[in-house]
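Breakdown of the fold
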Amino acid sequence: MTARPTSLLILGGTGEARDLADGAVARFGDGLAVTTALAGRTKAPARLAGAVRVGGFGGANGLARYLRDEAVDLLIDATHPFARTMPHNAARAAEAAGVPRLRLERAPWHPEPGDRWITVETTTDAAARTPALGRRVLLTVGGQEAAVFADAASGRATTLLCRAIEAEGLPPETPVFRHLLRRGPFDLAAERALLTEHGIDLLVTKNSGGAATAAKLTAAREAGLPVLMIDRPRPAAPGPRVERVDAALDWLAKRLEARR
Ligand code: NAP
């Protein structure tokens, strides 16, 4: 056995990162010291098992320095599939510091029979197309990207209902840009009711994947609504990746075994 517990840094901000921290603490106990890093975008993040560190590292070099200074042994990048920078920074930093790294990224959604998806490559494309496609739009792209939609819809006959965890970072409410502050998961009955209650005629979303927010796609399919679907950012970071938390826990188990 090594003298000190193995140290794991999880780059978090997702439900998978939270489940991973829970699972790692439960499965490996005192043999693994778990810290989750959060960017600090959400004012009141959900509870996390293990230690939590909030704030950026200062780019790939800053993260590499942190990995060395804190003697991090293993790194799992469980940031969101739409995090553009961190997966690449994590790849560079882990290589520079000689720390084994895994990317945990949930599988994307795929269209099913009856779906009316219009797939676009970027948020900017989606925002530009939204006013022509919908009059009453449910916008579920997260707080950071909402402003570009509010700008694109300004002065047009389109009302945006923007669902986000908190108002922090959202453009202010106006008669045509409404906030809907909710934290998932969202079930199918609630999603059906939401679409009906607000007379939604277009759903705009990123292809985040995962079960917690998939019910809106089923509800849109049932209602015959078009979905403007934003594809994942490219290129993806290089290196090993898994889609499920249990596979990440198995990767950890193998790494811990190898360190014995
Ligand atoms: P990003 O573009 O990849 O990252 C921007 C900067 O934020 C990074 O360069 C880094 O700053 C800092 N950062 C990002 N993730 C971090 C983490 N887990 N711990 C510490 N610092 C972090 O990411 P983003 O899209 O802004 O997302 C920020 C956070 O929100 C991430 O934790 C992500 O998982 C979560 N999130 C994002 C989305 C989305 O759609 N983008 C959705 C849900 C949750 P430094 O360079 O200074 O280290």
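The notes below deal with the structure included here. (Residues numbered from 1 in each chain as written. Predicted model: local features only at pLDDT ≥ 70, side-chain atom pairs only at ≥ 80, totals over all residues. Heavy atoms only, no water.)

**Quick notes on the site of the ligand**
The condition is simple: Residues are classed as near a molecule or strand on a simple rule: at least one heavy atom within 4 Å of it. In protein, a polar contact requires one atom able to donate a hydrogen and another able to accept it; more generally it is a pair of N or O atoms within 3.5 Å, and residues adjacent in sequence count only if both atoms are side-chain atoms. Accessible surface is estimated by sampling points in the Shrake-Rupley manner with a 1.4 Å probe; for residues, cover comes only from the protein chains shown. Secondary structure follows DSSP: runs of H or I at least 4 residues long count as helices, runs of E at least 2 residues long count as strands, and numbering of each begins at the N terminus. Gly is put with the polar residues, along with every residue not named as nonpolar or charged; the nonpolar set is Ala, Val, Leu, Ile, Met, Phe, Trp, Tyr, Cys and Pro, and the charged set is Asp, Glu, Lys and Arg.
In the region of the ligand, 23 residues are neighbours, and Gly12, Arg41, Phe57, Met86 and Lys206 sit closest. Within the backbone of Gly12, a nitrogen or oxygen atom sits 2.7 Å from an oxygen atom of the ligand. A distance of 3.4 Å is found between a nitrogen atom of the ligand and a backbone nitrogen or oxygen belonging to Phe82. If the ligand stood free it would expose 810 Å²; the protein chains cover 81% of that surface. Looking at the shell around the ligand, the elements with two or more residues in it are strand S2 (32-38) and helix H3 (86-97). Split by residue class, the shell around the ligand holds eight nonpolar, twelve polar and three charged.

**Details of the nonpolar core**
Spelled out, the test is: To form a nonpolar core, buried Ala, Val, Leu, Ile, Met, Phe, Trp, Tyr and Cys residues must be joined to one another through side-chain atoms within 4.5 Å. Residue exposure (1.4 Å probe, protein chains only): buried if accessible area is under 20% of the type maximum, exposed if over 50%, otherwise partly exposed. Every residue pair with non-hydrogen atoms within 4.5 Å of one another is taken to be in contact.
In terms of nonpolar packing, the biggest core is built from 22 residues, with Leu8, Leu20, Ile76 and Leu252 touching the most fellow members. Of all the secondary-structure elements, those providing two or more residues to this core are strand S1 (6-11), helix H1 (15-28), S2, strand S4 (74-77), strand S5 (101-104) and helix H8 (245-259). Here this core gets six residues from one element, more than from any other, and that element is H8. Once residues lying within four places of it in the same chain are set aside, the contact partners of Ile76 are Leu8, Leu9, Ile10, Leu11, Leu20, Leu102, Leu104, Ala248, Trp251 and Leu252.

**Here's the deal with the packing of H1 against H8**
This is how the line gets drawn: Axis definition: a line fit to C-alpha positions, over the contact stretch in the case of helices; interaxial angles, taken between N-to-C directions, run 0 to 180 degrees. Every angle not falling under 35 degrees, over 145, or within 65 to 115 is termed oblique; those three ranges are roughly parallel, roughly antiparallel and roughly perpendicular. Crossing handedness follows the turn of the near helix against the far one: under a right angle anticlockwise gives a left-handed crossing, and clockwise gives a right-handed one.
Two numbers describe how H1 lies on H8: the axes approach to 10 Å, and their chain directions differ by 40°. Taken together, the axes of H1 and H8 lie oblique to each other. Both H1 and H8 take part in a crossing whose hand is right-handed. Here Glu16, Asp19, Leu20, Gly23, Ala24, Arg27 and Phe28 of H1 lie close against H8, whose contacting residues are Val245, Ala248, Leu249, Asp250, Leu252, Ala253 and Leu256. A class-by-class count of the residues in the contact of H1 with H8 yields nine nonpolar, one polar and four charged.

**Overview of the packing of helix H4 (residues 123-133) against helix H5 (residues 146-153)**
Between H4 and H5, the least distance of the axes is 8 Å, while the angle of their chain directions is 30°. Seen from above, H4 lies across H5 with right-handed handedness. Mapping the contact onto sequence places Thr123, Ala126, Ala127, Ala128, Thr130 and Pro131 in H4 and Val148, Phe149, Ala152 and Ala153 in H5.

**Considering the pattern of salt bridges**
Pairs can form between side chains of opposite charge whenever their charged atoms are close. We apply this condition: For this analysis, a salt bridge means a side-chain nitrogen from Lys or Arg found within 4 Å of a carboxyl oxygen belonging to Asp or Glu.
Per the stated rule, a full pass over the model turns up 17 salt bridges. Among the salt bridges present, the one from Asp250 reaches Arg27, with a minimum N-O distance of 3.2 Å. Linking Asp250 in helix H8 with Arg27 in helix H1, this pair joins segments that are 223 residues apart in sequence. Judged by its relative accessible area of 36%, Asp250 is partly exposed. Across the pair Glu191 and Arg163 runs a salt bridge whose closest N-O atoms are separated by 2.8 Å. Linking Glu191 in helix H6 (residues 188-197) with Arg163 in strand S8 (residues 159-164), this pair joins segments that are 28 residues apart in sequence. Of the two residues examined, Glu191 and Arg163, each falls in the buried class.

**Observations concerning unusual backbone geometry**
In this structure, the amide linkage connecting Gly184 to the following residue, Pro185, adopts the cis form with an omega of 0°. Summarising the element assignment, Pro185 is placed in the loop between strand S9 (177-181) and H6. A positive phi angle, close to 50°, is found at Ala71, a residue other than glycine. Take Ala71: it is sitting in the loop between helix H2 (59-69) and S4.

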